[in-house]
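Listed below are the residues making up each chain.
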Amino acid sequence: MSDDESTPVSDQDSGPARDQDSGPAKDHDDAPVSDRPGTSVGAPEPRPARNAGRERLAGRISRFDRTHRLDRKLGHAVSRLTGQALGPYQTAVIRIGFAGTWLLFLLREFPHRQEMYGPDGPWSWDLAQQLIASNHAFTVLMWADSQVWFEIVFGFAVLSAALFMLGWRTRTMSVLFLLGVLSLQNRSIFMGDGGDNVIHLMAIYLVFTRCGQVWSLDARRERRTAAARPREGDEGQPDRVGVVLWAVLGLALTAATLAGKIDGGTLGGWRTIYWGLWALQALWWLAGRYAARSDQPRIFLDVVANLVHNAALFVIMAEACLIYATAGWYKIQGSRWQDGTAVYYPLHLDYFSPWPALSDLLSASGTMVMLVTYGTVVAQVAFPFTLFNRRVKNVLLAIMMTEHAVIAVVLGLPFFSLAMIAADAVFLPTSFLRRLGGWAARVREWLLSRLSRLARVLRVSRSGRLGRALTGSRENSGEDNSGEDSSGDGSGGEAGEGGPRPPEAADHPHVGFTA
């Protein structure tokens, strides 16, 4: 047996053990008791494992928070889109703006209505009929070529625009307003300009909005109805006017359909649209009339109406952005806009110069012309991108509205400018519109107070004149009676118990009228 094999195991380990004790023993003495090898104090887990567990837990919590936060945002967005009609003041102001612009246009062109839309106008009835047969556009003016029918339709367009602007039966009037716009504009397509095209599009979009929530006669009627209810849950008076209006329109629609005046087209065309809107109006009335029995149908219709309204409002905003973006990018491609002289030329056209002196003053400075030319292009191209910054958007919006007001005065395009300002109003902040409504209410109250005071003054002065006239007539009759008494038995010398009543003074205002 060799020496290695005969050596005990303890002796083999003694050398290395002594070497280890001689060196690293100092490190063990300096180390904490819990970190020394062989110690059993506390026996904690290793720190890297503990930190890894904490990191995994924190990651799970953060992922849960992100997911939960996203769910909360989505839920909040869905509740806003379905629970309320967004932008009530914005939709109200564009309703008033477009209906007012169309009404002013019709009143302004009333003396020229025959040349523009009449049966004997430059665009004759036969030519219009051929065009309508090819493009299937809707216009009730093509139902008959008589002068009486034209006057009825034109008056109907004026009346529907006025009622829609005031917000009376807004759902029904929005459809009738669209009917008037389509009937006149599709009759003579060459009479329109950019402003007419904007009114044409917005009249379609406004049908799908709940634009009568504020600043309308409907809103005032709702407030008065709610205040007049004696107790909660009372249904109040039935809406007889709405039912009669719905029935009359249903009869008119039935007669037009049976006579074949409404084009069917694809999927029924305009016939399907008008009958569908008429049926939805009836469904809405039924849900509101019998809401006391079950409010679920009314809630469902409210959700659908809010979704449709918000979608239409988004389309209106997108349409306004598209108008400015396309106009700006087309201007960039023009050589006159590139060299900064494009604004100069329309200022010297007789057709666009109602104030020649003002046009010459604005075009006298080449620097001013260049700044206005480039500023117009920059504003139109940049406007859609400024919607992400509220302050920049409001500043640029004020600049563009001012520009349209200048165009209305300098170039003589008031209705185009009013239509574009009405389209821009959809981006106005709600706080500003509320302040604007408050100012308008104060002005209205001031005017009403002035008018009532003037009416009282006129009434008092009229009663005073009437009293003086009656007093004079009584004086004359008294003098006659006194003359007769003196010529008789003399018993009328003094005002006795049975004598005539002495005449009252003329300065008594109560005589005759207010007594």
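Heads up: the structure comes first, above all this text.
Along every chain, residues carry numbers that run from 1 in the direction the sequence is written. In view of the model being predicted, local features appear only for residues whose pLDDT reaches at least 70, and side-chain atom pairs are presented and counted only at 80 or more, with totals across whole chains, interfaces and linings using the full set of residues. Values shown for side chains rest on all heavy atoms present in the structure; no hydrogens or waters enter the calculation.

A look at the overall build of the protein
No. 1: For helices the rule is a DSSP run of H or I covering at least 4 residues; for strands it is a run of E covering at least 2, with both sets numbered from the N terminus onward. Looking only at helices and strands, one finds 20 helices and 0 strands in the protein.
No. 2: Any residue under 20% of the maximum accessible area for its type is buried, any over 50% is exposed, and the rest in between are partly exposed; the area is computed with a 1.4 Å probe on protein chains only. Within the span of the protein, comprising 515 residues, buried residues form 29% of the whole.
No. 3: Note on definitions: a residue-residue contact is assigned when non-hydrogen atoms from the two residues lie within 4.5 Å. Within the protein, contacts between residues at least 6 apart in sequence are counted, and of these 73% link residues at least 24 apart.
No. 4: For every accessible area listed, the method is Shrake-Rupley and the probe measures 1.4 Å; residues are considered covered only by the protein chains on display. Accessible surface computed for the protein: about 32,700 Å², of which carbon and sulfur atoms make up 62%.

So, the packing of helix α10 (residues 194-206) against helix α14 (residues 296-332)
No. 1: For every element, the axis is a line fit to its C-alpha atoms; helices are fit only across the contacting stretch, and the angle between N-to-C directions ranges from 0 to 180 degrees. Where α10 meets α14, the axes come as close as 10 Å, and the angle between the chain directions of the two elements is 165°. Judged by the inter-axis angle, α10 sits roughly antiparallel to α14. Crossing angle aside, the handedness with which α10 passes α14 is right-handed. Of the residues in α14, those touching α10 at Val198, Leu201, Met202 and Tyr205 are Ala312, Val315, Ile316, Glu319 and Ile323.
No. 2: Of the residues that constitute the contact of α10 with α14, the class distribution is 8 nonpolar, no polar and 1 charged. When an angle is under 35 degrees it counts as roughly parallel; over 145 it counts as roughly antiparallel; between 65 and 115 it counts as roughly perpendicular; any other value is oblique. The handedness criterion is simple: a crossing whose near helix is rotated anticlockwise from the far helix by less than a right angle is left-handed, and one whose near helix is rotated clockwise is right-handed. Residue classes follow a fixed rule: Ala, Val, Leu, Ile, Met, Phe, Trp, Tyr, Cys and Pro count as nonpolar, while Asp, Glu, Lys and Arg count as charged, and any other residue, Gly among them, counts as polar.

Topic: the packing of aromatic side chains
No. 1: Working definition: rings of Phe, Tyr and Trp (its six-membered ring) pair if their centres are within 6.5 Å, and the pair is stacked with planes under 30 degrees apart, edge-to-face with planes over 60 apart, and tilted otherwise. With the rule as written, the count across this model stands at 18 aromatic pairs.
No. 2: Between Phe138 and Trp143, the ring centres sit 6.4 Å apart and the planes meet at 85°, which makes this aromatic pair edge-to-face.
No. 3: Classification of Trp143 by relative accessible area gives partly exposed; the value is 23%.
No. 4: The interplanar angle of 25° and the centroid separation of 5.1 Å between the aromatic rings of Phe164 and Phe177 together place this pair among those described as stacked. Taken together, the residues span a long stretch of sequence, with Phe164 in helix α8 (residues 147-166) and Phe177 in helix α9 (residues 170-185) at a distance of 13 residues. Here Phe164 matches Phe177 in class, with each residue buried.
No. 5: Its guanidinium or amino end placed over the ring of Phe110, Arg113 lies 4.0 Å from that ring's centre, counting from NZ or CZ.
No. 6: A ring is considered to have a charge above it if a Lys NZ or an Arg CZ atom is located within 6 Å of its centre and within 35 degrees of its normal. Sitting over the ring of Trp337, Lys331 keeps its end group 5.3 Å from the ring centre.

A few points about helix α7 (residues 125-135)
No. 1: By the burial criterion, the buried members of α7 are Trp125, Ala128 and Ile132. What you see down the axis of α7 is that its buried residues fit within an arc of 60°, all on one side. Across from the buried face of α7, at angles greater than 90 degrees, the exposed residues are Gln130, Ala133 and Ser134.
No. 2: Of the residues one or two after α7, His136 is the one with positive phi, at around 60°. This arc corresponds to the set of directions leading from the helix axis out to the C-beta atoms.

Points about the nonpolar core
No. 1: By nonpolar core is meant a set of buried Ala, Val, Leu, Ile, Met, Phe, Trp, Tyr and Cys residues that side-chain atoms within 4.5 Å join together. Ranked by internal contacts, the top residues of the largest apolar core, which has 65 residues, are Phe98 and Trp102.
No. 2: A per-element tally of this core places helix α5 (residues 88-108) first, with 10 residues.
No. 3: Aside from chain neighbours lying at most four places away, what touches Trp102 is Ala157, Ala161, Phe177, Gly180, Val181, Leu184, Gln185 and Ile199.
No. 4: Counting residues in each nonpolar core, the second largest holds 6 residues, with Val343, Leu347, Val369 and Ile407 among its members.

Section: a positive patch on the surface
No. 1: Patch membership requires more than 30% relative accessible area and the absence of a salt bridge. Residues of like charge join within 9 Å; the nonpolar side chains Val, Leu, Ile, Met, Phe, Trp and Tyr join within 5 Å. Basic side-chain nitrogens of Lys or Arg form a salt bridge, by our definition, when they fall within 4 Å of a carboxyl oxygen of Asp or Glu. Counting rule for charge: Lys and Arg are taken as positive, Asp and Glu as negative, and neither His nor the chain ends is counted. By convention, the point assigned to a charge is CZ for Arg, NZ for Lys, CD for Glu and CG for Asp. A surface patch of positive charge is lined by Arg450, Arg453, Arg456, Arg459 and Arg462.
No. 2: Position of Arg450 relative to the elements: it lies in helix α20 (residues 430-486).

Overview of the pattern of salt bridges
No. 1: The final tally for this structure, using the stated rule, is 6 salt bridges.
No. 2: Ionic pairing is found between Glu151 and Arg113, a salt bridge with its closest N-O pair at 3.2 Å. Taken together, the positions of Glu151 in helix α8 and Arg113 in helix α6 (residues 113-117) put the pair 38 residues apart, joining distant regions of the chain.
No. 3: The buried category is assigned to Arg113, whose relative accessible area is 16%.
No. 4: Note that Asp218 and Arg221 form a salt bridge whose closest N and O atoms lie 3.0 Å from each other. Residue Asp218 and its partner Arg221 are both found in helix α11 (residues 217-228); the two are separated by 3 residues, about one turn of the helix.
No. 5: Judged by its relative accessible area of 28%, Arg221 is partly exposed.
No. 6: Sharing partners across several salt bridges, the network here consists of Arg210, Arg298 and Asp302.

Comments concerning the environment of Phe416
No. 1: Position of Phe416 relative to the elements: it lies in helix α19 (residues 414-424).
No. 2: Along the sequence, Phe416 and His404 sit 12 residues apart, while their C-alpha atoms lie 8.4 Å from each other.
No. 3: Residue contacts for Phe416: discarding those within four places in its chain leaves Asp193, Gly194, Gly195 and His404.

As for a nonpolar patch on the surface
No. 1: Together, Phe208, Phe300, Val304 and Val308 line one region of the surface with nonpolar side chains, adding up to about 360 Å² of accessible area.
No. 2: Following the sequence through the fold, Val308 ends up in helix α14.
No. 3: When its relative accessible area of 35% is taken as the criterion, Val308 is described as partly exposed.

Regarding unusual backbone geometry
No. 1: Backbone geometry at Arg169 places phi at a positive 50°, although glycine is not the residue there.
No. 2: Along the chain, Arg169 turns up in the loop between α8 and α9.
No. 3: Notably, Trp215 is not glycine yet its phi reads approximately 55°, a positive angle.
No. 4: With respect to the secondary-structure elements, Trp215 resides in the loop between α10 and α11.

Structural notes on the side chain of Lys393
No. 1: Looking at the element boundaries, Lys393 is found in helix α18 (residues 390-410).
No. 2: Salt bridges are absent for the buried Lys393, whose nearest opposite-charge side chain, Asp424, sits at 11 Å.
No. 3: Ignoring sequence-local partners within four residues, the contact set of Lys393 consists of Thr386, Leu387 and Phe427.

Here we look at the packing of α5 against α10
No. 1: Two elements in contact, α5 and α10, have axes whose closest approach is 11 Å; the angle formed by their N-to-C orientations is 135°. Considered as vectors, α5 and α10 are oriented oblique to each other. The interaxial crossing formed by α5 with α10 has left-handed handedness. The residues of α10 that touch α5, namely those facing Ile94, Arg95, Phe98, Thr101 and Trp102, are Val198, Ile199, Met202 and Leu206.
No. 2: When grouped by side-chain class, the residues that make up the contact of α5 with α10 number 7 nonpolar, 1 polar and 1 charged.

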